[in-house]
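Spelled out from the first residue to the last, the chains are:
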Amino acid sequence: MIRTHPNDPPLTSGEAAKVAWYIGRMAKRAIAGEDVYQGDLQAKVDRILTTARRRADKAAAAAGK
């Protein structure tokens, strides 16, 4: 599991690669200008983090039983 930020859940290797890809695409769009829409990529990153957070909560609940 890979930690990206102390407040984020641990990510699998595949999730970390997807997040890195999306952040790279956001950086490329940022070079094009400040008015370029990036909400679609941010939503994809948020969805990955939400899924990882649910998995971490489920694992913590299973460990607590």
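Quick note: structure is the one above.
Just so you know, these numbers come straight off a predicted model, no measurement behind them.

### A closer look at the overall build of the protein chain
Logical step 1: Secondary structure summary: the protein chain contains two helices and zero strands in total.
Logical step 2: Its C-alpha radius of gyration of 14 Å places the protein chain more than 25% over the 11 Å reference for a compact globule of 65 residues.
Logical step 3: A principal-axis box enclosing the C-alpha atoms of the protein chain has dimensions of 50 × 20 × 20 Å.
Logical step 4: Once local pairs closer than 6 in sequence are excluded, the contacts in the protein chain between residues at least 24 apart make up 46%.

### A word on the environment of A62
Logical step 1: As for its placement among the helices and strands, A62 is situated in helix 2 (residues 39-64).
Logical step 2: The spacing of A62 and K44 is 18 residues in sequence and 27 Å in space, taken between C-alpha atoms.

### Concerning a positive patch on the surface
Logical step 1: Residues R25, K28, K44 and R47 make up a contiguous surface patch of positive charge.
Logical step 2: Those elements that place two or more of their residues in the positive patch are helix 1 (13-32) and helix 2.
Logical step 3: Along the chain, the position of K44 falls in helix 2.
Logical step 4: Residue classification places K44 among the partly exposed positions, given a relative accessible area of 30%.

Rules of the game
Residues numbered from 1 in each chain as written. Predicted model: local features only at pLDDT ≥ 70, side-chain atom pairs only at ≥ 80, totals over all residues. Heavy atoms only, no water. Helix = DSSP H or I, 4+ residues; strand = E, 2+ residues; numbered from the N terminus. Rg over C-alpha atoms; globule rule 2.2 N^0.38 Å. Contact = heavy atoms within 4.5 Å. Patch = residues over 30% accessible without salt bridge, like charges linked within 9 Å, V, L, I, M, F, W, Y side chains within 5 Å. Areas by Shrake-Rupley, 256 points an atom, 1.4 Å probe, with all protein chains shown as cover. Salt bridge = Lys/Arg side-chain N within 4 Å of Asp/Glu carboxyl O. Lys, Arg positive; Asp, Glu negative; His and termini not counted. Charge placed at Lys NZ, Arg CZ, Asp CG, Glu CD. Buried < 20%, exposed > 50% of the residue type's maximum accessible area, 1.4 Å probe, protein only.

Scope: geometric values only; no functional claims are made or implied.
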